[in-house]
Amino acid sequence: MQATGRLRGALPGIMTRSTGNRSSDRLLYWLLLPVFVISILPIVRLAFEGVFVGGVPSLDYFRDVLGSGATWQATANSLYTAGLGTIISLLIGGAFAFLVALTDVRAKAALVFCFMIPMMIPPQITALSWVQLTGPSSALLNAFGMAPPMGSPQPLYSAEGIALLLGIQHASIVFLTLRANLRMIPREQIEAARLAGARGGRLWWQIILPLTSPGLIAGTAMAFVTALGNFGIPAMLGIPANYPTLPTLIYQKLAGFGPSVLGEVSVLAMLIGAIAICGVAIHHRLLANRDYRLMGMVGRPLDIRLGARRSLVETVLWAALIAILVVPLMALIATSLVPAFGVKLDFTNFSFDAFNQVLFVQPSTIRAFHNSFLLSVGAAVMLVLVCLPLAYVMVRKPSKLTKLINLLIEVPYALPGVVLAIACILLFIKIPVIEISLYGTLGIIFIAYLARFLVIALRPVMNSFTQLDPALEEAAQACGAGLGRRLRDVLLPLAAPSAAAGALLVFLTAFNELTVSALLWSAGNETLGVLIFNLDDSGDTVLASAVAVLVVLVVIALMSCFQLASRRLPKGVVPWQT
Amino acid sequence: MADINLSRITKCFGDYRALNQVSLDISDGEFVALLGPSGCGKTTLLRLMAGFEEPGEGQISIGGQVVADPAKGVMVSPEDRNLGIVFQSYALWPHMSVSRNVGYPLEVRGMNRADRDRRISEALDIVALGPYADRSPAELSGGQRQRVALARCLVMEPRAVLLDEPLANLDVHLRETMQQAFLDFHRRTGATMIYVTHDQAEAMAMADRIAVMDKGHIRQMAAPETLYREPADHMVAGFVGAGSVLPITGVEVENGGTCSVKLGDTRIAARVCPKLASSGHINGQAGLCLRPEDVWVEDEAPLRGKVEDCVYLGGRFRLSVRIDDEHTLPVYANRRARVGEPVGLKVADGWVFDRLAGEVA
Ligand SMILES: Nc1ncnc2c1ncn2[C@@H]1O[C@H](COP(=O)(O)OP(=O)(O)OP(=O)(O)O)[C@@H](O)[C@H]1O
Ligand SMILES: [Mg+2]
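Treat the numbers as computed from the prediction; the structure is a model and nothing was measured. Position numbers for residues count from 1 along each chain, tracking the sequence in the order it is written. Here every chain gets a letter starting at A, and every ligand a number starting at 1, in the order they are written. Confidence filtering applies because this is a predicted model: local features only for residues at pLDDT of at least 70, side-chain atom pairs given and counted only at 80 or more, and all residues used for totals across whole chains, interfaces and linings. Side-chain descriptors were evaluated using all non-hydrogen atoms of the structure, hydrogens and water having been removed beforehand.

Some words on the domain arrangement of chain B
A common way to express how large an interface is: the accessible area buried when the components associate. Domain segmentation is taken from an automatic or database assignment of domains. Taken as a whole, chain B is organised into domain 1 (4-229) and domain 2 (242-354). Computed from C-alpha coordinates alone, the two centres of domain 1 of chain B and domain 2 of chain B are separated by 38 Å.

This is the structure:
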């Protein structure tokens, strides 16, 4: 707890430097403390494992790990797949966001709705369904007689295959961040550009793109960091291809279980953390030079007319959706319906046995749904509540401390879930001072989720605070509204769309998250991700697919509920609504 | 109750000094206009008073209470200053209706519903927006939005009202109505008003005193008529009124604050700035400020010139008459004049001041 003490010592200095010196302003800084404890302390704890050998400070682990060629090979592979994947996400997500938010394409709500689905499918399921889709034993392709011949190589078992799936998986992240940003562009700024004679490409490149660059940069950074820490896809595709990335290297080390495993994993984790921090630091550097506060009234959405090209654009959008959503989903459904894995599916032999089995025979499915629902909704709600004031402090009252925390909270998200899980176990197996163990309860999973997904909830909110005309808040201040009131009456409603987008992202990512809970679960406390993984691992691929199909159905049902309630919610809260 | 005192305020943005050693004393109930060219620091000064910016040096006090003093670490936050402000960019909350926007200060103060509604509808009536109460700000025109912002400021009856170019978006007719509304409000409540504008006619018409700003300095703070008749320096003389400033030599100071100035081939009588008269080196740096209404065409007058330009202003003409290579005089005339026509000019009044004052600061 030495670090906590240091933090406390640093607080008064920061407070006198801030503009307001009221107690409510000071209170805001205390918010940084739980954030520090939950999301930074576990990592610090893990880092200790890397720099102490048998209780003595030593750089042995560093020398071993950093001196090994395998480490650098895996680093290069990670950078390549995450980088290429980010570009793919940016292209797909960016194109969707721009077209849906700014032009007059039809059926926007449906497009957005469908575009959200790929990210709700857990990465290893995505990988599984694509492998099943494209490989020689593809249930779907075999049903049409289009499967490649037995024995031919699986094209996805390659660096580009990993990057492609990472790109598809994380396109929604770029999409959501960018779209929240696009909603806030006042119509006048684009209309002014059009009157100035900007049209077509010039309008896009010189006005719309720079205006949305904060969202683009933020989305890109987030997609990159997510791709960097992704385990499911490189594990399913990279291990068979003998193409190690940092997360799979860590996994293999853990599976090996030597005496030095924790130390080496700790060093590798620091390496991933360092790369993620570099990425995020570049992102902050880029954003620091642009203060694109959007002035003027937000409200009326834009509708750039596509004219004759509209049908073409719509066709391309839907075709892309079919390729990235419908086809793998079909593959997944096909797998869940076959009587046994590898059997050719046709209209005579499909069966719902697997669904019957997971729903009514095994009690763990319902329990896992319950647990995952509780955890993901809890994390989403909790994080939004924390993120509004936190984003406020970070954006409006930046100091050295907030900037540091801003970088560090990225680490739990960028680390592979397994590593975060180990860090949490190390710290919470016996909490110092109060001597309680969280291990073996849902609580430890919950805390790990809070640590991991803080960034997802925080970034969109920070982004929208950056773009708010500060006069809106100042006007409330002049009216006598203190900080709490301003947050509640002015900032919260204006940031609600991005906060909701953030909450939804947290919910969707947490709902079928696997890698964190894989180490933290215990009997009775299993999550959906764990359930699917365990089934798949024990050879019950068909049952695993059935659960995955159920997960997607439940999420679609939940999204539909939001859709029905959307008329009563403030405008922009439901991300796929226009 | 709400006199505002600024002493030696400096505000820097990075290396740029937006305000430099500004001192300003505004007494309770006074209506002060801040006048100056774009970018001179008016908004910055206003934001310092409101508490949105912290001064780098200096002290600000409101009603006797020190609200900002970096040397002593004092900084009272804006919400505790009870000042009303109208922003250049309206700053209406897009998620609230017009009436909620207007009523928000009362809501914050915990006023009950009935009183609040009454005050809201009064305030909306003042700005003639009664029928728009339930609209959202996005559905209003620019001028209407500005009026909502005004109503929001007036409704809380603040001890001082800060207005940042509040009428910039209104048409001439509405602008006059609103000016009257401000003056009425000022008379009724006796609140201190600080009014930023770059429209000097507006400043002259409304303010008790005007502070003319330039490049982060206050050049002169005086009643409108003083500012007009006796500008302190070149910048003020040129910025206020449609006059012109001529470099002159051959000044002879007489008693009683007057002097005689050589202009063309003749001499005219003018008032002289006491500071300049007593400074001794009067002939190197004197300037003559002439207002067009003090100069008129008189065919036999000894001061001769050629008409360079003639503009109809409605009711009268304004001529520019060149009397020699470096001197052009503004003149009001009752009839149109041909360009190039020779005319005689009679100068009834002028103001001689230190042309170089303030230039080095
Ligand atoms: N936040 C800021 N950062 C850097 N420079 C600033 C900032 N705010 C104002 N300035 C600079 O300070 C100077 C004064 O700005 P200010 O807004 O006070 O001008 P103004 O007199 O209100 O002009 P206008 O009549 O055009 O509104 C300007 O040169 C401006 O560029
Ligand atoms: Mg201004």
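Digging into the domain arrangement of chain A
All names here are of chain A. Domains assigned within chain A are domain 1 (56-335) and domain 2 (349-578). Two residues form a contact once any of their heavy atoms are found within 4.5 Å. Taken residue by residue, the interface counts 55 residues in domain 1 and 49 residues in domain 2. Of the roughly 4700 Å² buried between domain 1 and domain 2, counting both surfaces, carbon and sulfur atoms make up 74%. One side-chain nitrogen of Lys or Arg within 4 Å of one carboxyl oxygen of Asp or Glu is enough to make a salt bridge. Connecting domain 1 to domain 2 are zero salt bridges. Polar contacts, as counted here, are pairs of nitrogen or oxygen atoms within 3.5 Å of one another; within protein the pair requires one atom able to donate a hydrogen and one able to accept it, and residues that are adjacent in sequence qualify only if both atoms are side-chain atoms. Between domain 1 and domain 2 we count one residue pair in polar contact (both at pLDDT 80 or more) in total. For the side of domain 1 that touches domain 2, the elements supplying multiple residues, two or more each, are α6 (108-116), α7 (123-134), α9 (159-183), α11 (200-229), α13 (246-256), α14 (261-288) and α15 (310-337). Here the side of domain 1 that touches domain 2 gets eleven residues from one element, more than from any other, and that element is α14. Accessible area that two parts lose when put together, with a 1.4 Å probe and added across both, is what the buried area reports. In this description a helix means any DSSP run of H or I spanning at least four residues, a strand means any run of E spanning at least two, and both kinds are numbered starting from the N terminus.

A closer look at the interface of chain A and chain B
Listed as interface residues are 26 residues of chain A and, on the opposing side, 30 residues of chain B. Taking both sides of the interface into account, the surface hidden between chain A and chain B amounts to around 2400 Å²; carbon and sulfur atoms contribute 58%. Summed over the shared surface of chain A and chain B, the result is three salt bridges. A salt bridge links Glu107(B) to Arg485(A); the nearest nitrogen and oxygen atoms lie 3.6 Å apart. Taken together, the elements giving at least two residues each to the side of chain A that touches chain B come down to α22 (470-478) and α23 (483-511) of chain A. For this classification, the nonpolar set comprises Ala, Val, Leu, Ile, Met, Phe, Trp, Tyr, Cys and Pro, the charged set comprises Asp, Glu, Lys and Arg, and every other residue, Gly included, is treated as polar. Class assignment of the residues belonging to the side of chain A that touches chain B gives a composition of 13 nonpolar, six polar and seven charged.

Looking at the pairing of strand β10 (residues 209-214) of chain B
All names here are of chain B. Throughout, exposure labels follow a simple rule: accessible area from a 1.4 Å probe, protein chains only, divided by the maximum for the residue type, with under 20% read as buried, over 50% as exposed, and the rest as partly exposed. Counting buried residues along β10, five of its six residues qualify, which places the element largely inside the surrounding structure. What makes two strands pair is DSSP finding at least two bridges between them. With four bridges joining them, strand β3 (residues 31-35) and β10 adopt parallel strand pairing. Bridged to Leu 34 within β10 is Ala 211. Relative to strand β11 (residues 217-222), β10 runs antiparallel, the two being bridged by five bridges. By the bridge assignment for β11, Met 213 is matched with Ile 218. The antiparallel hairpin formed by β10 and β11 contains two residues in its connecting segment, where Lys 215 sits at a positive phi of about 45 degrees.

Considerations on the UniProt feature "domain: ABC transporter" (unreviewed entry) in chain B
UniProt positions are given in the numbering used here, feature names are shortened, and annotations may be inferred rather than shown by experiment. According to UniProt, the positions carrying the feature "domain: ABC transporter" (unreviewed entry) are residues 4-240 of chain B. Secondary structure across residues 4-240 of chain B divides into 36% helix and 28% strand, with the first and last C-alpha atoms of the span separated by 25 Å.

Describing the nonpolar core
We define a nonpolar core as any set of buried Ala, Val, Leu, Ile, Met, Phe, Trp, Tyr and Cys residues linked to one another through side-chain atoms lying within 4.5 Å. Membership of the largest hydrophobic core comes to 212 residues, with the highest contact counts inside it found for Phe465(A), Leu34(B), Leu45(B), Met49(B) and Trp93(B). Contacts of Phe465(A), omitting those with residues within four sequence positions, involve Leu388(A), Ala391(A), Tyr392(A), Val395(A), Arg396(A), Leu491(A) and Ala495(A). Ranked by size, the runner-up nonpolar core spans 47 residues in total, among them Val98(B), Met156(B), Val161(B) and Ile210(B).

Looking at the sheet that holds strand β21 (residues 342-347) of chain B
All names here are of chain B. Strands sit in the order β17-β21-β18-β19-β20 across an open sheet of five strands; the sheet is antiparallel. Sheet topology places β17 (295-297) and β20 (327-333) at the edges, where each strand pairs with a single neighbour. Taking each pair of neighbouring strands and ignoring which way they run, the sheet shows an average axis angle of 45 degrees. In this structure, strand β19 (residues 317-324) lies alongside β20, joined through seven bridges in antiparallel fashion. When the bridges of β20 are listed, Ser 320 appears paired with Pro 330. Working convention: axes come from line fits to C-alpha atoms, limited for helices to the stretch in contact. Angles between N-to-C directions cover 0 to 180 degrees.

Some thoughts on the packing of α9(A) against helix α12 (residues 232-241) of chain A
Residues and elements named next belong to chain A. Where α9 meets α12, the closest approach of the two axes is 9 Å, and the angle between their N-to-C directions is 160 degrees. One way to sum up the angle between α9 and α12 is to call them roughly antiparallel. Every pair of crossing elements has a handedness; the one defined by α9 and α12 is right-handed. For the pair formed by α9 and α12, the contact residues are Gly 161, Ile 162, Leu 165, Leu 166 and Gln 169 on the first element and Ile 233, Pro 234, Leu 237 and Gly 238 on the second. Counted by class, the contact of α9 with α12 contains six nonpolar, three polar and no charged residues. Relative orientations are named as follows: roughly parallel for angles under 35 degrees, roughly antiparallel for angles over 145 degrees, roughly perpendicular for angles from 65 to 115 degrees, and oblique for any other angle. Two helices cross in a left-handed way if the nearer one is turned anticlockwise from the farther one by less than a right angle. They cross in a right-handed way if the turn is clockwise.

Section: a nonpolar patch on the surface
On the surface, a nonpolar cluster with roughly 340 Å² of combined accessible area is contributed by Phe373(A), Val377(A), Val381(A) and Leu385(A). Inspection of the secondary structure assignment puts Val377(A) in helix α17 (residues 363-396). Like-charged residues are merged into a patch within 9 Å and nonpolar side chains (Val, Leu, Ile, Met, Phe, Trp, Tyr) within 5 Å, provided each residue has over 30% relative accessible area and no salt bridge. The method behind every accessible area is Shrake-Rupley, applied with a 1.4 Å probe, and residues are considered shielded solely by the protein chains displayed.

Some points on the pattern of salt bridges
Within the structure shown, the criterion is met by 31 salt bridges over all chains. Notably, a salt bridge pairs Asp117(B) with Arg113(B), separated by 3.9 Å at the nearest N-O pair. Of this pair, Asp117(B) and Arg113(B) both sit in helix α3 (residues 113-126), separated by four residues, roughly a single helical turn. Among the ionic contacts, a cluster of salt bridges with common partners joins Arg485(A), Arg488(A), Asp489(A), Arg100(B) and Glu107(B).

Some thoughts on the packing of α6(A) against α9(A)
All names here are of chain A. At a minimum axis distance of 9 Å, the contact between α6 and α9 shows a crossing angle of 135 degrees. The orientation of α6 relative to α9 falls into the category oblique. Contacts between α6 and α9 involve Val 112, Phe 115 and Met 116 from the former and Ala 171, Ser 172, Phe 175, Leu 176 and Arg 179 from the latter. When its residues are assigned to classes, the contact of α6 with α9 shows six nonpolar, one polar and one charged.

What about the pairing of strand β4 (residues 57-62) of chain B?
All names here are of chain B. Taken together, the five bridges between strand β1 (residues 4-13) and β4 define a ladder with antiparallel strand orientation. Opposite Leu 6, over in β4, you have Ile 60 as the bridge partner. Summarising the sheet, β4 and strand β5 (residues 65-69) pair through three bridges and their orientation is antiparallel. Across the sheet, the residue bridging to Ile 62 is Gln 65, located in β5. Between the end of β4 and the start of β5, which pair antiparallel, lie two residues, with Gly 63 showing a positive phi angle near 55 degrees.

A closer look at the environment of Cys114(A)
Residues and elements named next belong to chain A. Within the fold, Cys 114 resides in helix α6. The spacing of Cys 114 and Val 326 is 212 residues in sequence and 9.1 Å in space, taken between C-alpha atoms. When sequence neighbours within four positions are dropped, the list of residues in contact with Cys 114 reads Trp 318, Leu 321 and Leu 325.

Regarding the sheet that holds β10(B)
All names here are of chain B. Taken in spatial order, the six strands line up as β7-β8-β9-β3-β10-β11 in an open sheet, and their pairing is mixed. The outermost strands of the open sheet, each flanked by one partner alone, are β7 (83-86) and β11. On average, each strand axis in the sheet is inclined to that of its neighbour by 15 degrees, with strand direction left out of account.

Description of the confidence of the model for chain B
All names here are of chain B. The predictor attaches a confidence to each residue, and that confidence, scored 0 to 100, is pLDDT. Residues with a pLDDT of 70 or more make up 98% of chain B, whose mean pLDDT is 86. Confidence scores differ between elements of chain B, with helix α10 (residues 282-285) showing the lowest mean pLDDT of 70 and β3 the highest of 94. Here the complex is predicted with pTM 0.71, and the ipTM for its interfaces comes to 0.74.

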